[in-house]
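Coordinate inspection notes
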Amino acid sequence: MSLRPHALFIAALLAANPASAQSWQPQASNTSAELRGLSVVSGTVAWASGTKGTVLRTVDGSHWQAMQVPDADKIDFRDIQAFDADIAIAMGAGPGAASRLFRTVDGGAHWTPIATNGYADGFWDGMAFWDKDNGILFGDPVKGRFQVYATGDGGASWREVQATGLDALPSEGAFAASGTSIAVAGTGDAWIGTGGASSARVFHSNDRGRTWRAVATPIPAGAAAKGVFSVGFPNPKEGIAVGGDYKEKLLEGVNGAVTQDGGATWTAAPVQPAGYMSVVVPVPGAARTYVAAGLAGSGITRDGGKSWTVLDRTPVNTVGFAAGGSGWAVGPKGLLMKYTDTAPDARPR
C-alpha cells in the first residue's frame with residue numbers, strides 16, 4: 001500500500017503540534033491500521049498491533065516492519081505481548097470467536113493460532129505476564145462473571161481459571177482500548193479495571209487469578225463509555241488507575257486514582273491533560289514515574305500521581321516504555337511516535 005497518506009499525516013502532526021517535537025517524534029509505521037496494542041521489550045525491540053490482523057515490529061528502535069497475520073484480516077488485535085525480537089502473542093478482541101490468540105516464535109514469519117474464546121457472548125480485554133512463562137488473560141462477563149485464563153508455558157497453551165470473586169455488577173464490563181485494563185506485579189498479583197456499571201471498580205488477586213476482591217474507585221462510571229480503562233503497577237503496593245468517558249475525550253473531572261495498599265483503597269488523583277485516558281504505565285527503573293495517555297493527549301508524573309506534566313495533546317491509544325526511558329505511543333490511522341529526550345524537563349528519568 002502507498003505510504004504517502006501516512007507521510008502527509010506525520011507532516012500535518014508536526015505542523016499542528018510543534019511542541020510534540022520536544023517529547024514524541026513520529027515514526028513511519030507503514031500502515032494505516034488503528035493501533036491499540038504495544039509491547040516494549042527494550043530500547044530497540046518493540047511490537048505493536050491493531051485492526052485487520054496488523055502487527056508491527058522494530059528491532060532497531062527506528063524502522064518498523066508491518067505485517068498481517070494470516071487468516072486474521074478481520075481480527076482486531078487490541079493487545080500484544082512480546083518476550084524478545086522473535087516471540088510474541090497477539091490478542092484479538094471481539095465477540096465470541098473474534099477473541100483469539102496467535103503466537104509467533106520466528107519474528108512474525110509464521111503465526112500459530114493457539115486459543116479461541118469458546119463463549120459466544122465472551123469478549124477478551126487484555127493479557128499480562130509475570131515472567132516469560134506465567135501469564136493471565138481476562139474477558140468480559142459470561143453468565144455474570146468475568147473470564148480469566150492462565151498460561152504456564154509462555155502462552156503456548158491456556159486454561160480457564162475457575163476463579164472466585166469475579167461476579168459482575170449489572171452492565172459492568174471492561175475496556176479493550178489499550179490492552180492495559182489488566183496489570184500484574186511481583187510473582188502473583190494482578191489487577192483488572194472495569195466500568196459501565198454504577199461504579200468503576202478495580203479487582204485484585206494475589207494468587208495469580210484464583211481469588212479476587214473488587215473495590216470501587218473515585219473514577220466516575222454509570223454509563224457504558226465510562227469507567228477505569230487502565231491500571232498500572234510497578235510493584236504489588238503502588239498503582240494508578242485511569243479512565244474517563246471515551247465519548248467525551250476532553251471532559252473535565254476525575255480521570256485518575258492512586259493506591260498505596262495494592263488496591264484495597266483508592267484516592268482521586270486527576271491526571272493531566274484533563275480528559276479521557278486509555279492507558280497508564282509505570283516507567284521501568286524510574287521510581288514513582290508513570291506516563292498516562294489517551295485521546296486527550298499524554299502526561300507524566302514523577303511523584304506517584306500527585307502532580308502531572310502535560311507531554312503532548314496528540315490523541316493516542318496506548319504507550320509503553322523500557323528501562324532507560326525509551327518508549328513509544330501508537331494510535332489512530334497508524335500513528336506511531338517514539339519518546340525522545342530532547343525535552344529534559346519532560347522525559348522520564
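Preceding block: the structure.
Residues numbered from 1 in each chain as written. Predicted model: local features only at pLDDT ≥ 70, side-chain atom pairs only at ≥ 80, totals over all residues. Heavy atoms only, no water.

To continue, consider the pairing of strand β14 (residues 182–185). On β14, burial covers both faces: I182 and V184 on one face and A183 and A185 on the other are all buried. Pairing of β14 with strand β15 (residues 189–193), which is carried by four bridges, proceeds in the antiparallel orientation. Within the sheet, the bridge partner assigned to A183 lies in β15 and is W191. Linking β14 back to β15 in an antiparallel pair, the connection comprises three residues, with G186 at a positive phi of about 65 degrees. (Buried < 20%, exposed > 50% of the residue type's maximum accessible area, 1.4 Å probe, protein only. Helix = DSSP H or I, 4+ residues; strand = E, 2+ residues; numbered from the N terminus. Pairing = 2+ DSSP bridges.)

Once that is clear, we can look at the sheet that holds strand β1 (residues 24–26). Strands sit in the order β1-β28-β27-β26 across an open sheet of four strands; the sheet is antiparallel. The sheet is open, and its two borders are formed by β1 and β26 (318–321), each paired with just one other strand. This sheet shows a mean twist of 25 degrees between the axes of neighbouring strands, independent of strand direction. Here four bridges tie β26 to strand β27 (residues 327–330), and the two strands are oriented antiparallel to one another. Note that in β27 the partner of T318 across the bridge is V330. (Axes fitted to C-alpha atoms, helices over the stretch in contact; angles between N-to-C directions.)

Counting 17 residues, the largest nonpolar core has I136, F138, V148, L166 and W212 as its most contacted members. Where this core is concerned, the elements lending two or more residues are β11 (135–142), β12 (145–151), β14 and β15. With three residues, β12 is the single largest residue contributor to this core. Counting residues in hydrophobic clusters, the runner-up holds 16 residues, among them V281, I300, V316 and V319. (Core = buried A, V, L, I, M, F, W, Y, C linked by side-chain atoms within 4.5 Å.)

The next thing to look at is the side chain of R36. The topology assignment puts R36 in strand β2 (residues 35–40). Side-chain polar atoms of R36 contact the backbone oxygen of A177, separated by 3.0 Å. Apart from the residues within four sequence positions on either side, R36 is in contact with S49, G50, R78, A176, A177, S178, N317, T318 and V330. (Polar contact = N/O pair within 3.5 Å; in protein donor to acceptor, adjacent residues only side chain to side chain. Contact = heavy atoms within 4.5 Å.)

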